[in-house]
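Here's the letter readout for the chains.
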Amino acid sequence: MAKRETKAERQARVLKVLEALDREYGTSYVCYLNHENPWQLLIAVILSAQCTDARVNMVTPDLFRKYDSPEKFAQADLKELEKDIHSLGFYHMKAKNIISCCQDLVEKFGGGVPRTMEELTSLAGVGRKTANVIRGNIYHEPSIVVDTHVKRISRKLGFAKEEDPEKIEYELMKVLPKEHWILWNIQIITLGRSICIARNPKCSQCFLEKLCPSAGLEPSQKRED
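Numbers given to residues run from 1 along each chain, matching the order in which its sequence is written. In keeping with the predicted nature of the model, local features appear solely for residues at pLDDT of at least 70, side-chain atom pairs appear and are counted solely at 80 or more, and the whole-chain, interface and lining totals rest on all residues. In computing side-chain values, all of the structure's heavy atoms are included and hydrogens and water are not.

1. Remarks on the overall build of the protein chain
Point 1. Numbering of helices and strands runs from the N terminus, with a helix taken as a DSSP run of H or I at least four residues long and a strand as a DSSP run of E at least two residues long. A count of helical and extended segments in the protein chain gives 11 helices and 0 strands.
Point 2. Reading the secondary structure of the protein chain in the N-to-C direction produces α-α-α-α-α-α-α-α-α-α-α.
Point 3. Atoms counted for the radius of gyration: C-alpha only. Globule rule: 2.2 Å times residue count to the power 0.38. The C-alpha radius of gyration of the protein chain comes to 19 Å, within 12% of the 17 Å expected for a compact globule of 225 residues.
Point 4. Each residue's exposure class comes from its accessible area (1.4 Å probe, protein chains only) as a fraction of the maximum for that residue type: buried when under 20%, exposed when over 50%, partly exposed otherwise. In the protein chain, which comprises 225 residues, the proportion classed as buried is 47%.
Point 5. In this analysis, two residues are considered to be in contact whenever any of their non-hydrogen atoms come within 4.5 Å of each other. Sequence-distant contacts in the protein chain: of pairs separated by 6 or more residues, those separated by 24 or more amount to 58%.

2. Considering the pattern of salt bridges
Side chains that carry opposite charge are capable of pairing whenever their charged atoms lie near each other.
Point 1. By definition here, a salt bridge exists when the distance from a side-chain nitrogen of Lys or Arg to a carboxyl oxygen of Asp or Glu is within 4 Å. By the definition in use, this model includes 12 salt bridges.
Point 2. A salt bridge links R115 to E141, with the nearest nitrogen and oxygen atoms 2.8 Å apart. One end of the pair, R115, is in the loop between α6 (91-109) and α7 (117-121); the other, E141, is in the loop between α8 (128-137) and α9 (148-156), with 26 residues separating them in the sequence.
Point 3. Through salt bridges with shared partners, one network takes in K66, E80 and D84.

3. Focus on unusual backbone geometry
Point 1. Here the phi dihedral of Q50 falls at roughly 55 degrees; this positive angle occurs in a residue that is not glycine.
Point 2. Within the fold, Q50 resides in the loop between α2 (38-47) and α3 (53-66).
Point 3. Among the residues examined, Q50 registers a relative accessible area of 68% and is labelled exposed.

4. Digging into the confidence of the model for the protein chain
Predicted coordinates in regions of low pLDDT should not be interpreted in detail.
Point 1. The quantity called pLDDT is the predictor's confidence in a given residue, expressed from 0 to 100. Taken residue by residue, the protein chain gives an average pLDDT of 93. The fraction at 70 or more is 95%.
Point 2. For residues 219-225, every residue scores under 50 in pLDDT, and the model assigns this stretch 18 contacts once sequence neighbours within four places are set aside.

5. Examining the side chain of R135
Point 1. Position of R135 relative to the elements: it lies in helix α8.
Point 2. Within the buried set, R135 has no salt-bridge partner at all; the shortest N-O distance to an opposite charge, 4.3 Å, is to E141.
Point 3. Not counting residues within four places of it along the chain, the set of residues in contact with R135 comprises R115, M117, L120, H140, E141, P142 and S143. Counted as positive: Lys and Arg. Counted as negative: Asp and Glu. His and the chain ends are not counted at all.

6. What to know about the packing of aromatic side chains
Point 1. Aromatic rings from Phe, Tyr and Trp, taking only the six-membered ring of Trp, are treated as a pair when their centres fall within 6.5 Å; an angle between ring planes under 30 degrees marks them as stacked, one over 60 as edge-to-face, and anything in between as tilted. Taken as a whole, this structure holds 6 aromatic pairs when the rule is applied.
Point 2. Their ring planes at 75 degrees and their centres at 5.6 Å tell us that W39 and F64 sit as a pair that is edge-to-face. Here the residue W39 occupies a position in helix α2, and F64 occupies one in helix α3, the gap between them amounting to 25 residues.
Point 3. We classify W39 as buried; its relative accessible area is 11%.
Point 4. Both rings, one in F159 and one in W184, keep their centres 6.0 Å apart while their planes meet at 40 degrees; by these two values the pair is tilted. Highlighted residues: F159 in the loop between α9 and α10 (165-175) and W184 in helix α11 (residues 181-194), separated in sequence by 25 residues.
Point 5. The class for W184 is buried, based on a relative accessible area of 0%.
Point 6. A network of ring pairs unites the aromatic residues W39, F64, Y67 and F73 as a single cluster.
Point 7. Charge-over-ring placement is defined geometrically: NZ (Lys) or CZ (Arg) within 6 Å of the ring centre, and within 35 degrees of the ring normal. Directly above the ring of Y32 sits R193, whose terminal nitrogen or CZ lies 4.8 Å from the centroid.

This is the structure in structure tokens:
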């Protein structure tokens, strides 16, 4: 049985992982959803639920030309908006949430996008994950976005144990330095898409192999399970 890692040993490993991620991927803030302003990013994140960023980026150029302000979305016809976003899946709920969300943006926030967690999560279709995307990418507030890649790889690395994304967010807040919270999501998404692929992780090609307790284990042994 492997020796249990102490808190100090894990913290030292955390810093080595962060240094390796910074070397490999850099420290620039990157958003994978195309947008030109805060409200467009908010809409794009709502659309990205259960859908790839690449697919959302195929739809939003025409969508944002047709609805070029929160006011236009607030006044949109539900059935017409559903047709506009039909290819992204869950289009009925997404259309309903977008219209309601934009009505609140116009009526409560003067057409702007709020910055606090409480205000953001008061909007239709906006949970902690979406709120943290806005807080991190628009307002550069230290925040951790727990998407499927972050959940899976954080657990594989032994930095989180919980299943619930909100609980994982709080676990990571205790483990990661605050200045690296936003970067964690950016870097881990890149790692998850290119090397640490869910169905077929390329452990032997991974620059974190020696720092990952799950590297090379059989699927039934991996921490994510």
